[in-house]
Amino acid sequence: MQFGIFYEHQLPRPWVEGAELKLFQEALDQVELADRLGIDYAWEVEHHFLEEYSHSSAPEVFLAACSQRTKRIRLGHGIVLMPPNYNHPARVAERIATLDLVSAGRVEWGTGQGASAAELGGFAIDPDERHAMWLEATAEAANMLVMNPYPGYQGKYFSMPCRNLVPKPVQKPHPPLWVACSKRETIHQAARNGLGALTFAFIDQSEAVKWVAEYYDIIKSDACVPLGHAVNANVAMVAGFSCHADAEEARRRGLDGFRFFGYALGHHYIFGEHTPGRTSIWASYEQARDVLPVSPGAGGIGTPDEIAANMRRFEEAGVDQVVFLQQGGNNEHAHICASLELFAASVMPAFKARHAARLAKKNAELAPYIERALARKTWRQPLADGDIPPVVALGRQQAQQESVDGKTANFGRGSEMQVPLEDPMKTVRT
């Protein structure tokens, strides 16, 4: 089993000058440390307008910065919001490919659709249409990363003509595709689409056994038809994190931030009413703190022995990766770094020692099922060379139109093009 770290960039009120700068710089330091310690993944969300809960609106910028401070850690979008009102699919594909290049092939491409009123309303997205938007945009962005040229698309939620998207990613056919999952039925959907399941629902190990078994049963069934150009058969689950030799100190350092994470999530997604720029989620959390239940996802909070036992149960359940939510609420940077160091020294080596053999066995078992799944996919057909439409430069188009109108075409201040009808590119003067 592998391990990751997860960033929302939480920033509870009250905010002081320089707080966001400190937050981002400390997160970069933590990712750099995690890379040195051998942590496998760093995941970064995309959210918009979700004050206190997530100040991470440009994950591609943060992950690009991480790429230049690290050598081996995988850099995961957890996730890119795919409905075109958030991000045009071509822009997603361009950013994924570019990040894959600057990181030398370390990108994990997590996708999702968004579920908060602030985000959906802010980008004028109909909640009832967001799943269909995600499906259309994700499939086409994957095609853009692979096809040369992309043949174009006329869809319900976006359209674009034939273009060759550049650059292309290092990883072929494209970086591993994931989808955010918050409940059991979306785990099933991930498997049907041949996507990794990036699970943000906090569940205990007994539930994990069922979720993982169901996921891999679907991967092996005729129901699995890949959305992208490859199958990424993986299940990752998020857990709170704080590792200390003293159990009570581990909880003191990490549990409050983990509970705030859950409370702030509920505020924006389930029960809250938010006045932009004014509401203090932290203040309302402090009033409710003592009566809040502890989530079952706190399996990464405790002593090394406690955490190892919990992680072992996830491993036995078939979970491929546990992603630690270590930056929540007011969790302190020094405590986060100390936890990562202790975990890497005391817990992680035993899991790493088992991982290669476990992965080889899994890949061998799944190979024939993945081959059959790819055979079931209906592939977009490339254009024949003679069917690829040329793109005429705008200047030439304008010149031709001006010549038809019997006028002289002007191309910016101090520049003029005189165009005879018989040859629109023959006479040019500047």
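Coordinates for the structure precede this section.
No experiment lies behind these values; they were computed from the predicted model shown.

Undergrad: What's the story with a nonpolar patch on the surface in this structure? I'm lost.
TA: Taken together, the side chains of Leu101, Val102 and Val170 make up a nonpolar region of the molecular surface, amounting to roughly 220 Å² of accessible area. On the secondary structure map, Val170 appears in the loop between strand S6 (159-160) and strand S7 (177-181).

Undergrad: I'm lost on helix H2 (residues 59-67) in this one. Help?
TA: Owing to its 3.6 residues per turn, the α-helix brings residues three or four apart onto one side. If you check which residues of H2 are buried, you get Pro59, Phe62, Leu63, Cys66 and Ser67. Take H2 and look down its axis: the buried residues cluster within an arc of 145°, on one side only. Those residues of H2 that are buried lie in contact with helix H1 (19-37), strand S2 (41-44), strand S3 (74-81) and helix H3 (89-102).

Undergrad: Which parts of the structure should I look at to understand unusual backbone geometry?
TA: Generally, phi is negative for residues other than glycine and the peptide bonds are trans, each holding for most cases. Residue Pro14 is reached from Arg13 by a cis peptide bond, and omega for that bond is 0°. Residue position: Pro14 is located in the loop between strand S1 (2-7) and H1. In this model, Lys172 is joined to Pro173 through a cis peptide bond whose omega is 0°. By the secondary structure assignment, Pro173 is in the loop between S6 and S7. Even without being glycine, Glu52 reaches a positive phi, approximately 70°. By the element assignment, Glu52 lies in the loop between S2 and H2. Phi at Ala124 is positive, roughly 55°, even though this residue is not glycine.

The rules behind each value
- Residues numbered from 1 in each chain as written.
- Predicted model: local features only at pLDDT ≥ 70, side-chain atom pairs only at ≥ 80, totals over all residues.
- Heavy atoms only, no water.
- Patch = residues over 30% accessible without salt bridge, like charges linked within 9 Å, V, L, I, M, F, W, Y side chains within 5 Å.
- Areas by Shrake-Rupley, 256 points an atom, 1.4 Å probe, with all protein chains shown as cover.
- Salt bridge = Lys/Arg side-chain N within 4 Å of Asp/Glu carboxyl O.
- Helix = DSSP H or I, 4+ residues; strand = E, 2+ residues; numbered from the N terminus.
- Buried < 20%, exposed > 50% of the residue type's maximum accessible area, 1.4 Å probe, protein only.
- Arc of directions from axis to C-beta.
- Contact = heavy atoms within 4.5 Å.

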